[in-house]
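A look at the structure
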Amino acid sequence: MKAAVLEGIDTLVLKEVETPGCTQDTILLRVDACAVCGTDVKALRHGHQMVKPPVILGHELAGTIVEVGQHVRGFYDSERVTVASAVPCGMCYYCQRGQSTVCEDILDIGSTWPGGFAQYMLVPARAVRTGCVNKIPDGVSAAAAALTEPLACCVNAQEMLGVGTGDSVLIVGCGPIGCLNAMLARARGATCIIMANRSEPRLKLAAAVGADHYVNTSEEDLGKAVLDLTGARGADVVIVACASAEAQEAALGLAAPRGRVNFFGGLPRGSSAITFDSNRLHYQEQVLVGNHGATPYQNYKALALIAAGLVDTEKVITHRFGLDELESAVGTAEKKEGLKVLVEHGQCA
Ligand SMILES: [Zn+2]
Ligand SMILES: [Zn+2]
């Protein structure tokens, strides 16, 4: 099969590799689509602690089953599926508590296990066993379904934040994750959604997701804008969907009393120490949470939201490439000119 193999920093090689063999507890997929994530860009340009080259990246994927191991029940040839990429062990203390995003022994598809930037991908036995494989309902495109995983990460964040009916939600950062969070907040009943970004082109792209207000922070004071739009209270929920220390430090000040704040993006290693007024947290009874990844059940729910038409993930796809153009696809994602960049394997010669 053809695969884009990460062989080292800045070295992505499209080559012929052996198609993985399907064993009795695994499922073999033909990959239909796989989106480029910020993590893929990071792994290619700077390396990543979890990624040990040579490796096949890609963890936001949709595929079609071509072979099912003899011990696997409930899955059949030709069915289309998505796979949750953070595969929990199912046995540790946190898995036992249903908190598998902090599992002590995560298997990561697209970093510690060969991912979706290849014509075929073997779904590990553990992913099959722990409910990571979800069937794509008819009527949902492979492109839309490929974004199940990033949407599931938003579900994880918004479940922890308790985003619900009547909430005002401020999203700082209009990238793909900001946009998915905006659509999800709407689906969960948020009635005032404010999106903020420094760059006008990104704000224009984010208009597609139908937030109520857009604030260009290079022209407008965000603090003042948020007070104006929330009856001088501040936002009930603030989601910092960008890797900015400055945005994280400002977040509590933008949230209302009893407001809930989420740091969605991680900061670069070595510069992740920030400062904020902890008295604000104390006296205003605010809640600050961090999130990373999603559980298999949150992946199930994300796909259900897409299938029900409550979150139209295709709205955030601005670029499409073939597998043989992965280098350009990653370069496009890196420039942040668009939103999500999708690799469609059918276009591979
Ligand atoms: Zn991702
Ligand atoms: Zn575990």
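Above this text you will find the structure in question.
Notes on the structure follow.

Thresholds, definitions, all that
- Residues numbered from 1 in each chain as written.
- Chains lettered and ligands numbered in written order.
- Predicted model: local features only at pLDDT ≥ 70, side-chain atom pairs only at ≥ 80, totals over all residues.
- Heavy atoms only, no water.
- Buried < 20%, exposed > 50% of the residue type's maximum accessible area, 1.4 Å probe, protein only.
- Helix = DSSP H or I, 4+ residues; strand = E, 2+ residues; numbered from the N terminus.
- Contact = heavy atoms within 4.5 Å.
- Donors = N, O, S within 2.8 Å, 3.2 Å for Na, K, Ca; no water.
- Tetrahedral: all angles 85-135°; square planar, octahedral: opposite > 155°, others 65-115°.
- Axes fitted to C-alpha atoms, helices over the stretch in contact; angles between N-to-C directions.
- Parallel < 35°, antiparallel > 145°, perpendicular 65-115°, else oblique.
- Nonpolar A, V, L, I, M, F, W, Y, C, P; charged D, E, K, R; others polar.
- Pairing = 2+ DSSP bridges.
- Left-handed = near helix turned anticlockwise from the far one by under 90°.

Right, let's talk about helix α1 (residues 38-46) for a bit. The set of residues buried in α1 consists of Asp40, Val41, Ala43, Leu44 and Arg45. Residues of α1 that are buried in the fold lie against β1 (2-8), β2 (11-16), β3 (27-36) and α12 (326-335). Looking one or two residues past α1, Gly47 carries a phi angle of roughly 80°, positive in sign.

Ideal coordination angles are 109.5 degrees for a metal with four donors arranged tetrahedrally and 90 or 180 degrees for a metal with six donors arranged octahedrally. Note on the zinc ion (ligand 1): its protein donors are Cys37 (SG), His59 (NE2) and Glu60 (OE). The metal-donor distances range over 2.1 to 2.4 Å. Spacing between the donor residues of the zinc ion (ligand 1) along their common chain follows C-x21-H-E. One end of the pair, Cys37, is in the loop between β3 and α1; the other, Glu60, is in strand β5 (residues 60-68), with 23 residues separating them in the sequence. As far as burial versus exposure is concerned, Cys37 and Glu60 are alike and both buried.

Another point: the coordination of the zinc ion (ligand 2). Taken together, the protein donors to the zinc ion (ligand 2) comprise Cys89 (SG), Cys92 (SG), Cys95 (SG) and Cys103 (SG), at separations of 2.3 to 2.4 Å. Note that the zinc ion (ligand 2) binds 4 donor atoms; their angles at the metal cover 103 to 118°, and the shape is tetrahedral. When the donor residues of the zinc ion (ligand 2) are listed from N- to C-terminus, their spacing reads C-x2-C-x2-C-x7-C. Of the residues examined, Cys89 reaches a relative accessible area of 12% and is grouped as buried. Look at Cys92 and you get buried, because its relative accessible area is 10%.

Okay, the packing of helix α5 (residues 148-161) against helix α11 (residues 296-307) next. It is at 8 Å that the axes of α5 and α11 come closest, and there the two elements cross at 110°. By the criterion of interaxial angle, the relationship of α5 to α11 is roughly perpendicular. Between α5 and α11, the contacting residues are Thr148, Glu149, Leu151, Ala152, Val155, Asn156 and Glu159 on the first element and Gln298, Asn299, Lys301, Ala302, Leu303, Leu305 and Ile306 on the second. Among the residues forming the contact of α5 with α11, the class breakdown is 7 nonpolar, 4 polar and 3 charged.

All right, on to the sheet that holds strand β12 (residues 192-197) then. Sheet strands pair via backbone hydrogen bonds, and the direction of the pair is either parallel or antiparallel. Pairing is parallel in the open sheet, where 6 strands are placed in the order β13-β12-β11-β14-β15-β16. Of all the strands in the sheet, the pair left with one neighbour each is β13 (213-216) and β16 (287-290). Shown here is a sheet whose adjacent strand axes are inclined to one another by a mean of 15°, direction ignored. Inspection of the sheet shows strand β11 (residues 168-172) paired to strand β14 (residues 235-240) by 4 bridges, in the parallel sense. Of the residues in β14, the one forming a bridge with Ile171 is Ile239. Against the sheet, helix α6 (residues 176-187) contacts β11, β12 and β14, and its axis sits at roughly 175° relative to β12.

This part takes up the packing of α5 against α6. Axis separation between α5 and α6 bottoms out at 9 Å; the angle between their running directions is 60°. Classified by the angle between their axes, α5 and α6 sit oblique to one another. The way α5 lies across α6 gives a crossing that is right-handed. Facing Pro150, Leu151, Cys154, Val155 and Gln158 of α5, the residues of α6 in contact are Ile177, Leu180, Asn181, Leu184 and Ala185. Of the residues assigned to the contact of α5 with α6, the class counts are 8 nonpolar, 2 polar and no charged.

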